[in-house]
Amino acid sequence: MHRVIYRLIYASRARPFRSEDVAGILRQSHENNPAAGVTGALCLLDGVYMQYLEGPQAAVEHLFARLLDDERHGKLQLLDRGPVPSRVFPDWSMALLDWDERIRAVFVRHGMPLPLDLYATPSDQAAELFAALARTPSWVPL
Ligand SMILES: Cc1cc2nc3c(=O)[nH]c(=O)nc-3n(C[C@H](O)[C@H](O)[C@H](O)COP(=O)(O)O)c2cc1C
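Residues numbered from 1 in each chain as written. Predicted model: local features only at pLDDT ≥ 70, side-chain atom pairs only at ≥ 80, totals over all residues. Heavy atoms only, no water.

(A) Looking closely at the pattern of salt bridges. Scanning the entire structure with this criterion turns up four salt bridges. Salt-bridge contacts for E31 lead to R27; the nearest nitrogen and oxygen are separated by 3.7 Å. With E31 and R27 both in helix α1 (residues 19–36) and four residues apart, the pair spans about one turn of that helix. With a relative accessible area of 52%, E31 lands in the exposed category. With a relative accessible area of 49%, R27 lands in the partly exposed category. (Salt bridge = Lys/Arg side-chain N within 4 Å of Asp/Glu carboxyl O. Helix = DSSP H or I, 4+ residues; strand = E, 2+ residues; numbered from the N terminus. Buried < 20%, exposed > 50% of the residue type's maximum accessible area, 1.4 Å probe, protein only.)

Spelled out as structure tokens, the structure:
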């Protein structure tokens, strides 16, 4: 039977930003996400996270509830959530993207003003923007 995939995308500010936090987040993602059937990607641009989560709805919403409680980020803003036909990141329990010129070019191509404000990402563009980011070779799959 076809299992419905549910995706959720949000932006949040890392506070305060410490590089060791990212390593910890990725470690937790690797420990928890495969068992929950969750895949996705995390990008960190100028101290703001944008995360794409996909999997069974209950698992994704359960993880989101934990995220809402996590003090490593603040001002969490939901950008998009809902059922989708398939996964965009089937092979990544979590990958990390860091800022570089290729990434800047993707945002500019999608009409995002600079300096970049991930919180201003239009909901109906969040998934497409993220997929375009994922096609750049800047990812560090972990
Ligand atoms: C930006 C950000 C992204 C995160 N992504 C995940 C994730 O994909 N999976 C996960 O299990 N925890 C993630 N976490 C950590 C959770 O908020 C939470 O600390 C963790 O799931 C608790 O699990 P544990 O009790 O097994 O350590 C993330 C935290 C932050 C700040």
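(B) View of α1. For α1, which comprises 18 residues, the first-to-last C-alpha distance of 26 Å matches the rise-based estimate of 26 Å (1.5 Å per residue) to within 8%. Remark: the principal bend of α1, roughly 30 degrees, maps to H30, with a proline, P34, within the next four residues. Within the span of α1, buried status applies to D21, V22, G24, I25, L26, S29 and N33. Tucked inside the fold, the buried residues of α1 contact β2 (39–45), β3 (48–55), α2 (57–68) and β5 (95–98). Among the residues trailing α1, G37 stands out with phi positive, at a value near 75 degrees. (Expected span 1.5 Å × (residues − 1). Bend = angle between axes of the 7 residues up to and from the residue. Contact = heavy atoms within 4.5 Å.)

(C) Seen up close, helix α4 (residues 123–134). When the terminal C-alpha atoms of α4 are compared, their 18 Å separation across twelve residues agrees well with the 16 Å that a helix rising 1.5 Å per residue should span. The set of residues buried in α4 consists of A126, A127, L129, F130, A131, A132, L133 and A134.

Remember, this is a structural readout, not a statement about activity or role.
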